Amino acid sequence: MATRRVPLVLLACGSFNPITNQHMRLFELARDHMHRTGRYQVVGGIVSPVSDGYEKQGLVLAKHRIAMAKLALQSSDWVGVDEWESQQPDWTETVVTMRYHHERVVKEHERRAGTHGFSGNAVPPSSRPQLKLLCGADFLDTFKIPGLWQDDHVEEVAGRFGLVCVSRGGLQPKQAVHESDLLSRHCRNIFLVREWVWNETSATEIRRALRRGQSVKYLIPDSVIEYIQRHDLYTEVSERRNEGATLRPLTKQAQQPVESLDD
């Protein structure tokens with residue numbers, strides 16, 4: 001008898017400044033890999049651009065990054081763009097964003113199944129959808145940056161939710177997991193995906209090329225290129241936005257603990 005697969009939604013958080021073909025490619029690679037495990041059925045993907053409160057240099061306004069992401073994903077029948085994180089007045093911790101989307105995904109699944117929460121004919125835990133964070137291999141290295149992550153947040157992201165990490169170039173995600181006691185403890189919930197067709201496209205290089213008037217065709221969708229040109233984005237002026245500012249995660253993490261969304 002075939003094992004019933006667990007419904008899975010992949011969530012990608014980040015600047016998407018701008019969204020690139022490689023960002024979208026991660027979703028396809030991750031879905032193929034998770035299907036091959038025989039344990040999961042990927043039922044959706046979410047692109048969640050960070051809010052303007054992130055204060056990263058060169059970060060264009062969220063309304064533009066949202067619009068570009070929506071244009072880029074028009075051809076996808078399973079990945080969409082969610083604006084919740086981008087609309088927050090301050091930068092939102094990844095774990096908080098995951099809690100929000102997990103709750104929303106479960107409620108939507110229960111609604112479609114004709115149930116109401118955990119009373120009556122509640123959906124069995126084994127059939128409820130899971131949410132995992134989709135990321136590139138370089139994301140794992142951010143766990144080692146002092147002051148950027150709280151240990152309990154890493155514990156929740158890796159332990160409660162899980163990660164699907166796509167490697168590219170010479171990055172070694174296995175080493176990052178091995179070198180972290182916390183990640184090693186949850187290694188069975190961290191799925192490492194190998195990208196054999198290397199693509200070193202990065203949003204940083206895209207912005208640099210645009211500032212220099214160079215072509216980025218075939219690196220990002222034509223619709224996104226047209227949007228950038230129409231709104232005069234990624235210029236020398238825009239690259240100086242937030243110049244000298246400290247990334248909000250580094251200042252916020254030293255403040256009060258994150259409260260649960262249920263509080």
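Shown above is the structure to which this text applies.
The sections below set out a description of the structure shown in this document. (Residues numbered from 1 in each chain as written. Predicted model: local features only at pLDDT ≥ 70, side-chain atom pairs only at ≥ 80, totals over all residues. Heavy atoms only, no water.)

### A look at unusual backbone geometry
Residue Pro18 follows Asn17 across a cis peptide bond; omega there is 5 degrees. Mapping Pro18 onto the fold places it in the loop between strand S1 (6-14) and helix H1 (21-36). If you check the backbone angles, Phe16 has positive phi at about 50 degrees while not being a glycine. Within the secondary structure layout, Phe16 lies in the loop between S1 and H1. (Helix = DSSP H or I, 4+ residues; strand = E, 2+ residues; numbered from the N terminus.)

### A few points about the packing of helix H3 (residues 94-112) against helix H5 (residues 151-161)
At a closest axis distance of 9 Å, the pairing of H3 and H5 adopts a crossing angle of 35 degrees. Note on element contacts: H5 touches H3 through His153, Glu156, Val157, Arg160 and Phe161, opposite Val95, Met98, Arg99 and His102. Its residues assigned to classes, the contact of H3 with H5 comprises four nonpolar, two polar and three charged. (Axes fitted to C-alpha atoms, helices over the stretch in contact; angles between N-to-C directions. Contact = heavy atoms within 4.5 Å. Nonpolar A, V, L, I, M, F, W, Y, C, P; charged D, E, K, R; others polar.)

### Focus: the state of the cysteines
Applying the stated criterion across every chain, the model contains zero disulfides. The thiol of Cys13 is unpaired, and the distance to the nearest cysteine sulfur, on Cys135, comes to 10.0 Å. (Disulfide = S-S within 2.5 Å.)

### Observations regarding the nonpolar core
Grouped together as the largest cluster of nonpolar side chains are 38 residues, with contacts concentrated most on Leu10, Ile19, Phe27, Met68, Leu134, Val164 and Ile228. Put simply, the parts of the chain that give this core at least two residues each are S1, H1, strand S2 (40-49), helix H2 (62-72), strand S5 (163-167), strand S6 (190-194), helix H8 (203-211) and helix H9 (222-231). The element that contributes the greatest number of residues to this core is H1, accounting for six residues. Setting aside chain neighbours within four positions, we find Leu134 in contact with Leu10, Leu11, Ala12, Leu26, Phe27, Ala30, Val164 and Val166. In this structure, Leu11, Trp84, Leu131 and Val177 belong to the second largest nonpolar core, which totals 28 residues. (Core = buried A, V, L, I, M, F, W, Y, C linked by side-chain atoms within 4.5 Å. Buried < 20%, exposed > 50% of the residue type's maximum accessible area, 1.4 Å probe, protein only.)

### Comments concerning the packing of aromatic side chains
Here the structure, examined in full by the defined rule, presents six aromatic pairs. Centroid distance Tyr40 to Phe191: 5.7 Å. Interplanar angle 90 degrees. Geometry classified as edge-to-face. With Tyr40 in strand S2 and Phe191 in strand S6, the pair connects residues that are 151 residues apart, well separated along the chain. Residues Tyr40 and Phe191 agree in their burial class; the two are buried. Here the aromatic rings of Phe143 and Trp149 are separated by 4.7 Å at their centres, their planes lie at 65 degrees, and the arrangement is edge-to-face. Residue class for Phe143 comes out buried when judged on its relative accessible area of 15%. Among the aromatic residues, those joined into a cluster by ring pairs are Phe139, Phe143 and Trp149. Here the guanidinium or amino end of Arg194 rests over the ring plane of Trp196, the centre of that ring lying 5.2 Å away. Across from the ring centre of Tyr218, 5.2 Å away, lies the NZ or CZ of Lys217, which sits over that ring. (Phe/Tyr/Trp six-rings, centres within 6.5 Å; stacked < 30°, edge-to-face > 60°. Lys NZ or Arg CZ within 6 Å of the ring centre and 35° of its normal.)

### Focus: the environment of Leu183
Looking at where Leu183 falls in the secondary structure, it is placed in helix H7 (residues 181-185). For the pair Leu183 and Val154, spaced 29 residues apart in sequence, the C-alpha to C-alpha distance is 8.1 Å. Those residues in contact with Leu183 that sit more than four places away from it in its chain are Leu140, Phe143, Val154, Ala158, Ala176, Val177 and Ile190.

### With respect to H3
For H3, built from 19 residues, the straight-helix expectation of 27 Å at 1.5 Å per residue is met to within 8% by its first-to-last C-alpha distance of 27 Å. Listed as buried for H3 are Thr94, Val95, Val96, Thr97, Met98, Arg99, His101, Val105, Val106 and Glu110. The elements touched by buried residues of H3 are S1, S2, strand S4 (130-136) and H5. Once H3 ends, the next one or two residues include Gly114, with phi positive near 80 degrees. (Expected span 1.5 Å × (residues − 1).)

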